[in-house]
Amino acid sequence: MLIVTQASELSTQAEVSDEIAAASKAYEAGDRGDAQPLLDYPPYRSSVLRHPTKDLHHTDPETIERWAPCFGPQDVSPLEADLTIQHSGEPIGERITVAGRVVDGDGRPVAHQLVEIWQANAGGRYIHKRDQHPAPLDPNFTGAGRLITAADGSYSFQTIKPGPYPWKNHRNAWRPAHIHFSLFGTDFTQRLVTQMYFPGDPLFALDPIYQSITDADARARLVATYDHDLTTPEWSTGYRWDIVLTGSHRTWLEDEA
Amino acid sequence: MSTLMPTPGQTVGPFFHYGLPYEGGAELVPAGHPDAIRLHGTVLDGAGDPVPDSLIEIWQADPEGRIVQAPGSLHRDGWTFTGWGRAATDAAGRYSFTTVLPGAAEGDAPFFAVTVFARGLLDRLFSRAYVPEHPALHDDALLTSLPEDRRGTLIASSDASGLVFDIRLQGEGETVFLTFPDNGRLQA
Ligand SMILES: [Fe+3]
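Notes on the structure in this doc start here. (Residues numbered from 1 in each chain as written. Chains lettered and ligands numbered in written order. Predicted model: local features only at pLDDT ≥ 70, side-chain atom pairs only at ≥ 80, totals over all residues. Heavy atoms only, no water.)

1. Re the overall build of chain A
Secondary structure summary: chain A contains 4 helices and 12 strands in total. In terms of C-alpha radius of gyration, chain A reaches 20 Å, essentially the compact-globule figure of 18 Å for 257 residues. Along the three orthogonal principal directions, the C-alpha set of chain A runs to about 65 × 50 × 30 Å. By the burial criterion, 56% of the 257 residues in chain A qualify as buried. A fraction of 71% describes how many contacts in chain A between residues 6 or more apart in sequence connect residues 24 or more apart. When the accessible surface of chain A is summed, it comes to about 11,400 Å², and 56% of that surface belongs to carbon and sulfur atoms. The distance from the centre of the 22 positive side-chain charges to the centre of the 35 negative ones in chain A is 7 Å. (Helix = DSSP H or I, 4+ residues; strand = E, 2+ residues; numbered from the N terminus. Rg over C-alpha atoms; globule rule 2.2 N^0.38 Å. Buried < 20%, exposed > 50% of the residue type's maximum accessible area, 1.4 Å probe, protein only. Contact = heavy atoms within 4.5 Å. Areas by Shrake-Rupley, 256 points an atom, 1.4 Å probe, with all protein chains shown as cover. Lys, Arg positive; Asp, Glu negative; His and termini not counted. Charge placed at Lys NZ, Arg CZ, Asp CG, Glu CD.)

As structure tokens, this is what we get:
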């Protein structure tokens with residue numbers, strides 16, 4: 001078989017699943033883990049040489065870190081929130097609305113701030129030149145969008161439900177379907193890049209990137225909910241996903257808070 | 001203290017190049033600007049190999065130490081300094097910004113706030129690139145709280161075009177990465 005050479009270097013899903021289970025057990029035993037992914041998570045092979053070995057250094061933010069870059073109407077066209085209209089034809093796949101609110105750790109809306117997304121197409125293929133998955137490219141779908149949040153922190157994208165895709169972490173590794181999200185808060189320290197997942201994905205248990213968050217409640221915060229109120233008749237289904245950034249360190253003026 | 005639990009981070013992955021980098025992202029000022037300097041470096045992994053699929057962002061004050069709140073970072077107009085930039089590393093793991101030296105409030109050591117993202121890095125990392133040879137470096141709160149042999153990882157060095165700041169994710173000379181209160185990580 002053609003995959004023999006590769007298979008000899010790559011772990012099996014069973015081996016990776018055992019490692020995931022061991023890390024999860026260590027977390028439940030209280031060894032380590034928190035509300036964020038472990039940076040040192042060997043089941044995700046690429047993390048082995050790319051995680052800091054020293055503890056992150058605790059420090060208080062200085063002035064510049066208590067502010068964030070600012071984006072405005074010149075930066076983003078309202079049309080960029082609709083990933084289904086970037087080409088002359090209709091993209092293939094299930095049209096969805098992905099909407100929610102961005103708030104900080106105290107529940108304050110993150111208003112007028114940049115949100116960027118990128119994703120695979122319905123077949124699980126990225127337009128990226130490094131993506132060699134032999135699923136078809138969709139000439140009517142690029143898979144990148146952005147917007148500025150409203151005054152109440154709300155956002156709404158129109159897109160296509162992405163497919164799961166294979167990757168080379170281990171033999172026959174598949175990522176659960178996801179949309180990559182990039183977010184800014186009011187403070188530089190709130191910067192977040194993450195991934196939104198779809199409810200009930202059978203690949204969750206097998207995926208070392210998702211499982212690198214050892215706390216089950218924290219992991220669940222990355223999963224959107226199906227929301228029938230976000231659907232459009234005869235057109236699209238809808239998912240709601242609210243995002244909480246970490247706490248803000250700014251001294252808020254009364255009229256801002 | 002925050003009342004809501006934060007949404008966890010996840011790796012930026014290998015396919016961010018058509019989602020995040022954009023034209024002019026690494027030029028906080030045009031290269032012809034009279035005060036333009038280059039801030040550049042290489043991102044390295046634990047084996048000392050370059051990391052070609054990482055993304056660096058910087059956020060800084062202007063030369064007078066003012067924090068700029070001007071929009072336009074995604075649509076550079078060639079005149080407005082917004083203080084923010086984004087650069088992906090190239091095939092050799094190098095990144096490069098065209099910018100100006102940050103200033104700081106009276107008596108403080110000026111630095112570029114830095115965020116590092118990469119495939120293989122499960123959550124973003126924060127760091128600082130301090131302007132070298134500044135008198136305030138000697139009593140900076142962060143630098144003096146670090147062991148002497150690690151301080152240098154946060155101080156850029158000078159070259160002919162500006163400043164060099166290499167980022168070592170792991171191993172010998174590992175860069176100091178920061179966490180702030182309320183970042184959702186348990187206190188050690
Ligand atoms: Fe992805």
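2. What to know about the environment of B:Leu101
Residues and elements named next belong to chain B. Turning to its location among the elements, leucine 101 is positioned in the loop between strand E4 (94-99) and strand E5 (111-118). Taking the C-alpha atoms as reference, leucine 101 lies 9.5 Å from glycine 65; in sequence the two are 36 residues apart. Ignoring sequence-local partners within four residues, the contact set of leucine 101 consists of Ile37, Gln60, Asp62, Pro63, Val131 and Leu163.

3. A look at the coordination of the iron ion
Residues and elements named next belong to chain A. Note on the iron ion: its protein donors are Tyr126 (OH), Tyr165 (OH), His178 (NE2) and His180 (NE2). The metal-donor distances range over 1.9 to 2.2 Å. Each donor residue of the iron ion lies on one chain, and together they are spaced Y-x38-Y-x12-H-x1-H. When sorted by exposure, histidine 178 lands in the same class as histidine 180, which is buried. (Donors = N, O, S within 2.8 Å, 3.2 Å for Na, K, Ca; no water.)

4. Comments concerning the sheet that holds strand E8 (residues 178-183) of chain A
All names here are of chain A. The strand order across the open sheet built from 4 strands is E4-E3-E8-E9, with neighbouring strands paired in antiparallel fashion. Either end of the sheet is taken by a strand with one partner, and the two such strands are strand E4 (144-148) and strand E9 (192-197). Going across the sheet, the axis of each strand differs from the next one's by a mean of 20°, ignoring polarity. Pairing of strand E3 (residues 114-119) with E4, which is carried by 5 bridges, proceeds in the antiparallel orientation. Looking at the pairing, tryptophan 118 lines up with alanine 144 of E4. (Pairing = 2+ DSSP bridges. Axes fitted to C-alpha atoms, helices over the stretch in contact; angles between N-to-C directions.)

5. Comments concerning the environment of A:Val110
All names here are of chain A. Residue position: valine 110 is located in the loop between strand E2 (95-103) and E3. Taking the relative accessible area as the measure of exposure, valine 110 reaches 2% and is therefore buried. With 56 residues separating them along the chain, valine 110 and proline 166 place their C-alpha atoms 35 Å apart.

6. Section: the pairing of E2(A)
All names here are of chain A. Among the 9 residues of E2, 7 are classified as buried, and the element is accordingly described as predominantly covered. Pairing of E2 with strand E5 (residues 154-160) involves 7 bridges; the strand directions are antiparallel. Among the inter-strand pairings, isoleucine 96 is bridged to a residue of E5, identified as threonine 159.

7. Comments concerning unusual backbone geometry
Of note, the phi angle at A:His112 is positive, near 55°, even though the residue is not glycine. Looking at the element boundaries, A:His112 is found in the loop between E2 and E3. In the Ramachandran plot, B:Glu133 falls in the positive-phi region, its phi being about 60° despite a non-glycine side chain. Secondary-structure assignment places B:Glu133 in the loop between strand E6 (125-130) and helix H1 (141-145).

8. Things to note about the layout of surface pockets
Taking a probe equal in size to a water molecule and rolling it over the atoms shows the remaining empty space. All names here are of chain A. In this structure, the largest pocket spans a volume of roughly 760 Å³. Taken together, 30 residues line the largest pocket, and the ones lying closest to its centre are Pro166, Trp167, Lys168, Asn169 and Ala173. Those elements that provide at least two residues to the lining of the largest pocket are strand E6 (165-167) and strand E7 (173-175). Residues that form the lining of the largest pocket fall into these classes: 12 nonpolar, 11 polar and 7 charged. (1 Å grid on protein atoms, 1.4 Å probe; cavity = no way out; pocket = protein on both sides within 12 Å on 5 of 7 lines; lining within 4 Å. Points joined across faces, edges and corners; volume = space filled by probe spheres on them. Nonpolar A, V, L, I, M, F, W, Y, C, P; charged D, E, K, R; others polar.)

9. Brief notes about the interface of chain A and chain B
Counting residues at the interface gives 83 residues for chain A and 76 residues for chain B. In this assembly, chain A packs against chain B so that about 7,200 Å² is buried in total across both faces, 59% of it on carbon and sulfur atoms. Its largest share of buried area at the contact with chain B, chain A owes to A:Arg50, A:His57 and A:Ile64, together 12% of the area lost on that side. Counting every contact that joins chain A to chain B gives 6 salt bridges. Our count for the contact surface shared by chain A and chain B stands at 38 residue pairs in polar contact (both at pLDDT 80 or more). The set of elements that each furnish at least two residues to the side of chain A that touches chain B consists of strand E1 (57-58), E3, E4, E8, E9, helix H3 (208-211) and strand E12 (243-244) of chain A. A per-element tally of the side of chain A that touches chain B places E9(A) first, with 5 residues. Classifying every residue of the side of chain A that touches chain B by side-chain character gives 40 nonpolar, 27 polar and 16 charged. With 2 bridges joining them, E1(A) and strand E10 (residues 178-179) of chain B adopt parallel strand pairing. The partner of A:His57 across the bridge, within E10(B), is B:Leu178. (Buried area = accessible area lost by both parts, 1.4 Å probe. Salt bridge = Lys/Arg side-chain N within 4 Å of Asp/Glu carboxyl O. Polar contact = N/O pair within 3.5 Å; in protein donor to acceptor, adjacent residues only side chain to side chain.)

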